[in-house]
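One-letter residues, chain by chain:
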Amino acid sequence: TTAVALIYMYLKNFINKKKIEFYIPDRYEEGYGISYKGIDYAAENGFSLVIVLDCGIKAVDKIEYANERNIDFIICDHHRPGDEIPNAVAVLDSKRPDCQYPYKELSGCGVGFKLITALSMSLNRPIEEVYELLDLVAVRMAAAIVPTTGENRVRAYCGLMKKKKNPRP
């Protein structure tokens, strides 16, 4: 949920709120990750792009189902992929065998943070909008039990300082 909050809070700053929504699957009914019910929900409500966080790297069949329904996916995951990478618009996961990104221990929220950082740069938006959300990244890192080394250490420190200085409700 921290990763969803991160992306949603960033995007709602400059996208019409009627065009953005979040969806958290019911784990008991839909399982963990991308679900057919969630894809159907997107199709029925006119959404053409879904960003998934902390899941999706092995959802090959579900992404094919989404493609048949003209719904694009951006997958932000940090789990090890299977033999086949889903046919999504983008699959961001530093543990992909073909990924050259040097730091492999990001959380799913950390991958989402990298996505909004790149989006911010490509849209020439102030990077401070991204940094304002580092407290969410720090909370998720602790919950995901990812190593507090390298990039994670820097984000954890900055996120905790932000949380200490200006706590989010």
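These lines cover the structure that appears in this document, whether it is placed above or below.

1. What about the packing of aromatic side chains?
And step 1. The full count for this structure, using the stated rule, is 3 aromatic pairs.
And step 2. With a centroid separation of 5.0 Å and an interplanar angle of 85°, the aromatic rings of Tyr36 and Tyr65 are classed as edge-to-face. Taken together, the residues span a long stretch of sequence, with Tyr36 in helix 3 (residues 36-44) and Tyr65 in helix 4 (residues 60-68) at a distance of 29 residues.
And step 3. Look at Tyr36 and you get partly exposed, because its relative accessible area is 38%.
And step 4. Classification of Tyr65 as partly exposed rests on a relative accessible area of 24%.

2. Quick notes on the pairing of strand 2 (residues 72-76)
And step 1. Taking burial as the measure, the 5 residues of strand 2 include 4 buried ones, the bulk of the element.
And step 2. Here strand 1 (residues 49-53) runs beside strand 2; their pairing, made up of 5 bridges, is parallel. Within strand 2, the residue paired with Val52 across the bridge is Ile75.
And step 3. After leaving strand 1, the chain enters helix 4 and then returns to the sheet as strand 2, a path that is right-handed.
And step 4. One ladder, built from 3 bridges, connects strand 2 with strand 3 (residues 90-92); its direction is parallel. Bridging across to strand 3, Ile74 finds its partner in Ala90.

3. Comments concerning unusual backbone geometry
And step 1. Even without being a glycine, Asp54 presents a positive backbone phi close to 70°.
And step 2. Take Asp54: it is sitting in the loop between strand 1 and helix 4.

4. Side note on the sheet that holds strand 1
And step 1. Across the sheet, which stays open at both edges, the 3 strands sit in the order 1-2-3 with parallel pairing between neighbours. Two strands in the sheet have a free side with no partner beyond their single neighbour: strand 1 and strand 3. Between one strand axis and the next, the sheet turns through 15° on average, direction left out of account.

5. Regarding the nonpolar core
And step 1. In terms of nonpolar packing, the biggest core is built from 24 residues, with Leu6, Ile7, Ile116 and Val137 touching the most fellow members.
And step 2. Sorting the residues of this core by element identifies helix 1 (2-11), strand 2, helix 5 (108-122) and helix 7 (134-144) as the ones contributing at least two each.
And step 3. Apart from residues no more than four positions distant in its own chain, Ile116 is found in contact with Leu6, Ile7, Tyr10, Val130 and Leu133.

Cut-offs applied
Here the residue numbering is sequential within each chain, running from 1 through the sequence in written order. Local features in a predicted model are, by the rule used here, given only for residues with pLDDT of at least 70; side-chain atom pairs are given and counted only at 80 or more, and totals for whole chains, interfaces and linings are based on all residues. To obtain the side-chain values, all non-hydrogen atoms of the structure were used and water was disregarded. Note on ring pairs: Phe, Tyr and Trp rings are taken, using the six-membered ring of Trp, and paired if centres are within 6.5 Å. Classes follow the plane angle, with under 30 degrees stacked, over 60 edge-to-face and the rest tilted. The way it works is that DSSP assigns letters per residue, a run of H or I at least four long becomes a helix, a run of E at least two long becomes a strand, and they are numbered from the N terminus. The buried label goes to any residue with under 20% of its type's maximum accessible area, the exposed label to any with over 50%, and the partly exposed label to all in between, with areas taken from a 1.4 Å probe on protein chains only. Two strands are counted as paired when DSSP detects at least two bridges linking them. With its strands directed away from the observer, a crossover is right-handed exactly when the path from the first strand over the helix to the second travels clockwise. Each axis is a line fitted through C-alpha atoms, taken for helices only over the stretch in contact, and angles between the N-to-C directions span 0 to 180 degrees. The criterion is simple. A nonpolar core is a set of buried Ala, Val, Leu, Ile, Met, Phe, Trp, Tyr and Cys residues joined through side-chain atoms within 4.5 Å. It only takes one pair of heavy atoms within 4.5 Å for two residues to be counted as in contact.

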